[in-house]
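Structure at a glance
These are the residues of each chain, in order.
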Amino acid sequence: MADDKNPDPNRPAMPKPPMPAMPAPPAAGGMPKPPTPVAPGMPKPPTPAMPAPPAAGLPKPPAPAVPSAAVPVAPKPAAPAAAQKAPAAAAAIPANPVNPAALRPQPPKSGVSAEPAKADEKGLLLRRRDFVWHGVAGMLTLGAVAFGRFFFPRSLFEPRTSFTIGYASDYGFGVDTKFQSTQRIWVCRNSQGLFVILAVCTHLGCTPDWLATEGLFKCPCHGSVYDTEGKNFAGPAPMPMRRCDVRLDATGRIVVDTLTLYEVGRFNEGGPTGGAYIAV
Amino acid sequence: MSETKPKNKFKLPTAAELKEGQIWKSVFRHKLDETPRNRSLAVLSNVFLHLHPAKINRDAVRYNYTWGMGGITFYLFLVLTITGVLLMFYYHPSKGQAYRDIMYLMHDVPFGNFTRNMHRWAAHAMIITTWLHMFRVFLTGSYKPPREFNWNIGVLLLLFTMLLSFTGYLLPDDQLGFWAVTVGTNMARATPVMGSEGPFGPQLGFTAFNDVRFAILGGSIVDANALLRAYIWHCVAIPIIASVLMIVHFWRIRKDGAISGPAPVMIEQDLSGPVAKKA
Ligand code: HEM
Ligand code: FES
């Protein structure tokens, strides 16, 4: 049988391999999963679940190899009373993976039927062990959700996303960089009107430099180049730089909104009242 | 005996007497002369050494089998932990102050520049050795069962090593790190489902103010919150996570047949299923 194989060479050679501390399937009824099906009641080499099995490899079911209080005393497997008792008793076993049905004495040759397992499902939360584990899982889940939420602050201490930049008459033709370091925008003016470019490279978000002598925006990160109106023509940038919404307030000052952005194709959605540009 | 001893005369114990004394014996629990048994005991009775087997396969010490890369990577992690903790004594993770602290470390703190350079070079080296270690494991086929679990632990360790490097990059708060982290976190916008510009992100209601990038930065821009978060991930959270993974990694190496060793023979009925059985 399997036990004849050489055990882990790191361990002392022993005729019978030492078993891990987990409750192994008891000789009776408790069937190991697929690889080596063993008929219940068939004589088996000792697979002691714990260091000192009472009697090595008892072939007869009513005395399972687990020396534990978990074994119901009354050998009346079919009686409903025993079915009630078994799960409670099983809770005393210090580790979980064994189906309690497997620990209950069963008539030889009956195999493990689905019926006893069903009876256990009914009392899932009534078993102390399951109750505790469900509680722990619940707390951990709550904790994980709270932990996740913790990383999303409610208030931010960031530059305002809506602000005024003065009057249109303050700006001449060309690119004005005076709000670059505080608001990350350039105020630009051409024959169509005044517009505000968001100073964010459309490649991966660095701030390009305005090179006045060359009349170009160049991004120091990966070399994208844009013309005076923010249209990309070299480097990895996939599209022109976006423009911020601009409006005139009641006093005639220009209000910029850096959260309302216009991408290429919508650049002429403006006019006298504002939008992608203000006709001034 | 006490009657024969002259009063008030204290004599320093000799080395030989010390070795017989209780203090010595409480520290060194066994004899130290070079016998195979004592050498094994030295490993087995020491909490640090006992992570290592007392006896190893002779192939395990052959450099052409392992390149020693895992060990070097671990050594570099120790160097980084020690130099990193030293840097923490002078470093404040706040905007403006962070950069000044780096300048201060480099130009004024005794051995500050040396410590910083050690940290930086070891960080570069650790990235390289981690990859080389992975490459070696691939070449020797050591990712195959029963070591496939440890390969996956290794992939996580690689990930966390890279994250250590990425989070450390922002800490000097200089132009290089700032823009590198700007670019790196902008990529996170494109995360599927969780990023505001990734597949399904906008449809699920993600914006620059609630997506995964926002959680990384603690805001919508790389600013003070991002610096503090990078600092905590870098100096506390990721080192702890990586240490736990290393513990599992090293434990698993021994359980899976040790360095360069044959896979352990398992008992058939202990294996969990036909797949594991075949392996
Ligand atoms: C284990 C892998 C680690 C890697 C790859 C790594 C990487 C880095 C990098 C690339 C920097 C920027 C260095 C610079 O620009 O000079 C840095 C800085 C820093 N690291 Fe680490 N680190 C590691 C571990 C640690 C640990 C364990 C600590 C502390 C517990 C630490 C504390 C620091 C501190 C305080 C700084 C800022 C000082 C500076 O920039 O010189 N690091 N780290
Ligand atoms: S971020 Fe501007 S070119 Fe990459």
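The rules we used
- Residues numbered from 1 in each chain as written.
- Chains lettered and ligands numbered in written order.
- Predicted model: local features only at pLDDT ≥ 70, side-chain atom pairs only at ≥ 80, totals over all residues.
- Heavy atoms only, no water.
- Donors = N, O, S within 2.8 Å, 3.2 Å for Na, K, Ca; no water.
- Tetrahedral: all angles 85-135°; square planar, octahedral: opposite > 155°, others 65-115°.
- Helix = DSSP H or I, 4+ residues; strand = E, 2+ residues; numbered from the N terminus.
- Buried < 20%, exposed > 50% of the residue type's maximum accessible area, 1.4 Å probe, protein only.
- Contact = heavy atoms within 4.5 Å.
- Near = heavy atom within 4 Å.
- Polar contact = N/O pair within 3.5 Å; in protein donor to acceptor, adjacent residues only side chain to side chain.
- Nonpolar A, V, L, I, M, F, W, Y, C, P; charged D, E, K, R; others polar.
- pLDDT = per-residue confidence, 0-100.
- Axes fitted to C-alpha atoms, helices over the stretch in contact; angles between N-to-C directions.
- Parallel < 35°, antiparallel > 145°, perpendicular 65-115°, else oblique.
- Salt bridge = Lys/Arg side-chain N within 4 Å of Asp/Glu carboxyl O.
- Patch = residues over 30% accessible without salt bridge, like charges linked within 9 Å, V, L, I, M, F, W, Y side chains within 5 Å.
- Areas by Shrake-Rupley, 256 points an atom, 1.4 Å probe, with all protein chains shown as cover.
- Disulfide = S-S within 2.5 Å.
- Core = buried A, V, L, I, M, F, W, Y, C linked by side-chain atoms within 4.5 Å.
- Phe/Tyr/Trp six-rings, centres within 6.5 Å; stacked < 30°, edge-to-face > 60°.
- Lys NZ or Arg CZ within 6 Å of the ring centre and 35° of its normal.

1. So, the coordination of the iron atom of ligand 1
Residue and element names in this part refer to chain B. Protein ligation of the iron atom of ligand 1 involves His 119 (NE2) and His 234 (NE2), the donor distances falling in the range 1.9 to 2.0 Å. Classification of the site at the iron atom of ligand 1 rests on its six donor atoms, whose angles at the metal span 84 to 177°, yielding the label octahedral. Placement of His 119 in helix H7 (residues 112-139) and of His 234 in helix H11 (residues 224-255) is noted, with a sequence separation of 115 residues between them. For the pair formed by His 119 and His 234, the shared burial category is buried.

2. Structural notes on the side chain of Ser196(B)
Structurally, Ser196(B) is set in the loop between helix H9 (175-187) and helix H10 (212-217). Contact partners of Ser196(B), with chain neighbours within four places excluded, come to Arg189(B), Pro202(B), Phe206(B), Thr207(B), Ala208(B) and Asp211(B).

3. Re the site of ligand 1
Residues and elements named next belong to chain B. Close to ligand 1 lie 21 residues; Arg 116, His 119, Arg 120, Pro 172 and His 234 are nearest. Side-chain polar atom of Arg 116 to an oxygen atom of ligand 1: 2.6 Å apart, as the coordinates give it. Looking at the shell around ligand 1, the elements with two or more residues in it are helix H5 (69-88), H7, helix H8 (148-170) and H11. At seven residues, H5 tops the list of elements feeding residues into the shell around ligand 1. When its residues are assigned to classes, the shell around ligand 1 shows 13 nonpolar, six polar and two charged.

4. A word on the confidence of the model for chain A
Residue and element names in this part refer to chain A. For chain A, the average pLDDT comes to 72, and 55% of its residues sit at 70 or higher. Mean pLDDT values over the elements of chain A span from 43, in helix H1 (residues 80-90), up to 97, in strand E7 (residues 225-226). Contacts from residues 1-97, a stretch scored under 50 in pLDDT, to residues over four places away or in other chains number 108 contacts. Scored below 50 in pLDDT, residues 110-114 makes five contacts in the model with residues more than four places away or belonging to other chains.

5. Quick word on the confidence of the model for chain B
Summarising the model, chain B shows a mean pLDDT of 90, and 95% of its residues fall at 70 or more. Per the prediction output, this complex has pTM 0.71; the corresponding ipTM is 0.76.

6. Overview of the packing of H8(B) against H9(B)
All names here are of chain B. Look at H8 against H9: their axes get within 7 Å of each other, and the N-to-C directions meet at 130°. Regarding the angle of H8 to H9, the classification is oblique. Where H8 approaches H9, its residues Phe 166, Tyr 169 and Leu 170 are matched on the opposing element by Leu 176, Gly 177, Phe 178, Ala 180, Val 181, Gly 184 and Thr 185. Its residues placed into classes, the contact of H8 with H9 shows seven nonpolar, three polar and no charged.

7. With respect to the pattern of salt bridges
Note that side chains of opposite charge can pair when their charged atoms are close. Residues and elements named next belong to chain A. Tallying each qualifying case throughout the model produces nine salt bridges over all chains. Where Glu 214 meets Lys 218, a salt bridge forms, and the shortest distance between an N and an O atom there is 3.6 Å. Here Glu 214 falls in the partly exposed class, since its relative accessible area comes to 46%. A salt bridge links Arg 253 to Asp 249; the nearest nitrogen and oxygen atoms lie 3.9 Å apart.

8. Topic: a nonpolar patch on the surface
All names here are of chain B. A cluster of nonpolar side chains, namely Trp 67, Ile 128, Leu 132, Phe 135, Phe 138 and Leu 139, defines an oily patch on the protein surface of about 580 Å² accessible area. Note that Phe 135 resides in helix H7. Residue class for Phe 135 comes out partly exposed when judged on its relative accessible area of 44%.

9. Considerations on the state of the cysteines
Residues and elements named next belong to chain A. All told, the structure shown has one disulfide over all chains when counted by the stated rule. Note that Cys 206 is cross-linked by a disulfide to Cys 221, the S-S spacing being 2.0 Å. Its torsion about the S-S bond being -85°, the disulfide of Cys 206 and Cys 221 is classed as left-handed. With a gap of 15 residues between them, Cys 206 in the loop between strand E4 (194-198) and strand E5 (209-211) and Cys 221 in the loop between strand E6 (216-218) and E7 connect regions that are remote in the sequence.

10. What to know about the nonpolar core
Generally speaking, a soluble globular protein has its nonpolar side chains buried in company with each other. In terms of nonpolar packing, the biggest core is built from 34 residues, with Trp186(A), Ile197(A), Phe217(A), Tyr91(B), Leu170(B) and Val222(B) touching the most fellow members. When residues of this core are traced back to their parent elements, those giving at least two are strand E3 (185-189) and E4 of chain A together with helix H6 (97-107), H9 and H11 of chain B. Setting aside anything within four residues of it in sequence, one finds Tyr91(B) in contact with Ala98(B), Asp101(B), Ile102(B), Leu171(B), Leu227(B) and Tyr231(B). If you look at the next biggest cluster of nonpolar residues, it comprises 16 residues, including Tyr171(A), Ile185(A), Leu194(A) and Ile254(A).

11. Here's the deal with the packing of aromatic side chains
Summed over all chains, the structure comprises 15 aromatic pairs over all chains. For the pair Trp210(A) and Phe217(A), a centre-to-centre distance of 4.7 Å together with 50° between the ring planes defines the contact as tilted. Both residues of the pair, Trp210(A) and Phe217(A), belong to the buried class. An aromatic cluster is defined as three or more aromatic residues linked by ring pairs; in this entry it consists of Phe147(A), Phe150(A), Phe151(A) and Trp233(B). One Lys or Arg, Arg243(A), reaches over the ring of Phe195(A) and ends 4.0 Å from the middle of that ring.

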